[in-house]
Amino acid sequence: MNREELRAAIDHPAANAKVSYEPGLVETLLDDVENKPGGLPLLQFALREMWSRQEKRTITRRSYDDIGGIDGALAKRAETIFAALTENRQEIYADGRRPSPAPLFTRLVTLGEGQEDTRARSRASELGDEVWSLAQRLAGEENRLVVTNARP
């Protein structure tokens with residue numbers, strides 16, 4: 001998408017809902033996402049995060065900064081979710097270990113070794129019960145950090 005198409009994708013849904021952006025915020029969003037590989041899903045995620053933080057039907061620069069901007073929104077949300085999932089989760093593992101996202105995330109990315117990293121698919125059976133359970137939590141309606149299909 002070019003800059004004007006991105007602007008429309010940002011502005012129109014908000015205008016339809018009678019929500020506005022603080023002056024300059026749309027330009028910041030455009031500057032931060034324009035010509036960035038994988039930028040559109042990051043923009044969508046950041047907009048979703050900011051939407052839930054609007055003040056008096058206005059999406060603010062403070063909300064953008066609070067979520068970590070385009071580059072940090074996903075990581076910040078993932079850290080928050082994982083911390084909440086593991087804070088009191090001694091019951092997840094019978095031996096008292098805390099779950100780790102590393103086995104899941106290392107299976108979901110193929111490192112490019114000199115080129116761009118790409119997503120990878122994994123079957124639930126390849127992940128094991130503990131990691132699959134974590135994947136399902138991260139894919140839940142309130143999180144949407146990974147995508148799963150319901151079949152193990």
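Provided above is the structure to which this section pertains.
This one's a predicted model, so the numbers in the text were calculated from it and none came from an experiment. (Residues numbered from 1 in each chain as written. Predicted model: local features only at pLDDT ≥ 70, side-chain atom pairs only at ≥ 80, totals over all residues. Heavy atoms only, no water.)

Our next topic: the environment of Arg-3. Position of Arg-3 among the secondary structure elements: in helix α1 (residues 3-16). For Arg-3 and Asp-31, which are 28 residues apart along the polypeptide, the C-alpha to C-alpha distance reads 8.9 Å. In contact with Arg-3, other than residues within four places in its own chain, are Glu-27, Leu-30, Asp-31 and Glu-34. A polar contact is formed between the side chain of Arg-3 and the side chain of Asp-31, at a distance of 2.8 Å. (Helix = DSSP H or I, 4+ residues; strand = E, 2+ residues; numbered from the N terminus. Contact = heavy atoms within 4.5 Å. Polar contact = N/O pair within 3.5 Å; in protein donor to acceptor, adjacent residues only side chain to side chain.)

The backbone phi angle of Lys-56 is positive, close to 50°, even though this residue is not glycine. Looking at where Lys-56 falls in the secondary structure, it is placed in the loop between α3 (39-51) and β2 (58-59). Judged by relative accessible area, which is 83%, Lys-56 ranks as exposed. (Buried < 20%, exposed > 50% of the residue type's maximum accessible area, 1.4 Å probe, protein only.)

In this section: α1. When the terminal C-alpha atoms of α1 are compared, their 20 Å separation across 14 residues agrees well with the 20 Å that a helix rising 1.5 Å per residue should span. Along α1, the residues that are buried comprise Arg-3, Leu-6, Arg-7, Ile-10 and Ala-14. Next to the buried residues of α1 lie β1 (20-21), α2 (25-33) and α3. Its side-chain oxygen at 3.0 Å from the backbone nitrogen of Glu-4, Asn-2 defines the N-terminal cap of α1. After α1 finishes, the residue Lys-18 shows a positive phi value of roughly 60°. (Expected span 1.5 Å × (residues − 1).)

The next subject is the packing of α1 against α3. Where α1 meets α3, the closest approach of the two axes is 12 Å, and the angle between their N-to-C directions is 25°. On the basis of the axis angle, α1 is roughly parallel to α3. Between α1 and α3 the crossing geometry is right-handed. Two secondary-structure elements touch here, α1 through Leu-6, Ile-10 and Ala-14 and α3 through Leu-40, Leu-43, Leu-47 and Trp-51. Grouping the amino acids of the contact of α1 with α3 by side-chain chemistry returns seven nonpolar, no polar and no charged. (Axes fitted to C-alpha atoms, helices over the stretch in contact; angles between N-to-C directions. Parallel < 35°, antiparallel > 145°, perpendicular 65-115°, else oblique. Left-handed = near helix turned anticlockwise from the far one by under 90°. Nonpolar A, V, L, I, M, F, W, Y, C, P; charged D, E, K, R; others polar.)

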